[in-house]
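Letter by letter, the chains look like this.
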Amino acid sequence: MTRPIGPTGPTGDIYDPAFVKGVFDRCSGKYIAFSYVCSLGFTERWRKQCVAALGIDASARVGYDLMAGTGEVWPHLLEANPHISQITAVDLSAGMHQLAMKRLHAMRAHRIDFIEDDVLASNLPAASADFVVSTFGLKTFNAEQQRKLAQLTARVLKPGGRFAFIEASDPRGWWLRGLYLFHLKVVLPLVERLLLRGANDFAMIGTYSTNFGDARVFVDMLRAQGLNAEFRKAFFGCATIACGAKPVLGSADMNDAAI
Ligand SMILES: C[S@@+](CC[C@H](N)C(=O)[O-])C[C@H]1O[C@@H](n2cnc3c(N)ncnc32)[C@H](O)[C@@H]1O
């Protein structure tokens, strides 16, 4: 049964991983349909744009999908590079994990490894990835958690490895911003309350998204870790991307970073 939740978790913190896990465990059954319908199909388009921004070539073999959810980005990744031999997905929600494995990806199971854990507590090995991708997984991190995520990204990438993160964002400066925020903050919670018997979980996702702002701050954090990072907008800034690469030792960028 879906049940309403309060505005904060047991520690009074909506960024507490235990609270975030509860939100996504309860959302998982309806997540795919709700995110597709309520974003009017944009989430799928943005996942593709994120993979395009990742820009991996045929030599990329292994990588991480962080905050993987039900693995919606995997088909796009494997289409962009059929030579990928292993995607290690990390997600803390058991509900999302089960759905990913049961409903979507039995056919790809030999190429997917799923770690059910808080990504910031997981011990992913250093220099183990040709790529790191993440779609809509940034918003449930506060600033300190985002800084740790930037650190982790820099640590797990091999030199030359590429990364891309996309997140729904506040399209500041866009003339239709008011309408977009109305959709996020008023329409979606209403649809959820009516269709999901008073539940408030997807409304929490709206709260995380509007608190998030955009990926600019995260780009600065990635740069502070020595990565070459770039900020991009998708659809007038309704989603933003942090993408780039880890410099190869000895390249001009790394020399700059060392000065
Ligand atoms: C909005 S969903 C995105 C799922 C998927 N990547 C997509 O494209 O739809 C965010 C996911 O991040 C996961 N998540 C949030 N905080 C996490 C953490 N600290 N460690 C691992 N996963 C986390 C949630 O469980 C949820 O599945």
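The model shown is predicted, which means the values in this text are computed figures rather than measured ones.

Peer 1: Any chance you could explain the site of the ligand here in plain terms?
Peer 2: Lining the immediate surroundings of the ligand are 20 residues, of which Tyr31, Arg47, Asp91, Asp118 and Thr135 lie closest. Interatomic distance of 2.7 Å between a side-chain N/O atom of Asp91 and an oxygen atom of the ligand. A distance of 2.8 Å separates a nitrogen atom of the ligand from a polar side-chain atom of Asp118. Contact with the protein chains covers 98% of the free accessible surface of the ligand, which is 590 Å². When residues in the shell around the ligand are grouped by element, the largest group, three residues, is from helix H1 (residues 17-38). Considering only residue class, the shell around the ligand consists of 10 nonpolar, four polar and six charged.

Peer 1: Just to check I follow, could you spell out helix H2 (residues 42-54) for this structure?
Peer 2: Because each turn of an α-helix spans 3.6 residues, side chains separated by three or four positions in sequence point in the same direction. Counted at 1.5 Å a residue, the expected span for H2 with its 13 residues is 18 Å, and the 18 Å between its end C-alpha atoms agrees. Every buried residue belonging to H2 is among Phe42, Thr43, Trp46, Arg47, Cys50, Val51, Ala53 and Leu54, and all of these are buried. The secondary structure elements touched by the buried residues of H2 are H1, helix H3 (74-80), strand S4 (129-135), strand S5 (157-168), strand S6 (228-234) and strand S7 (239-245). Among the residues trailing H2, Gly55 stands out with phi positive, at a value near 65°.

Scoring rules and cut-offs
- Residues numbered from 1 in each chain as written.
- Predicted model: local features only at pLDDT ≥ 70, side-chain atom pairs only at ≥ 80, totals over all residues.
- Heavy atoms only, no water.
- Near = heavy atom within 4 Å.
- Polar contact = N/O pair within 3.5 Å; in protein donor to acceptor, adjacent residues only side chain to side chain.
- Areas by Shrake-Rupley, 256 points an atom, 1.4 Å probe, with all protein chains shown as cover.
- Helix = DSSP H or I, 4+ residues; strand = E, 2+ residues; numbered from the N terminus.
- Nonpolar A, V, L, I, M, F, W, Y, C, P; charged D, E, K, R; others polar.
- Expected span 1.5 Å × (residues − 1).
- Buried < 20%, exposed > 50% of the residue type's maximum accessible area, 1.4 Å probe, protein only.
- Contact = heavy atoms within 4.5 Å.

This is a description of form; function is not addressed.
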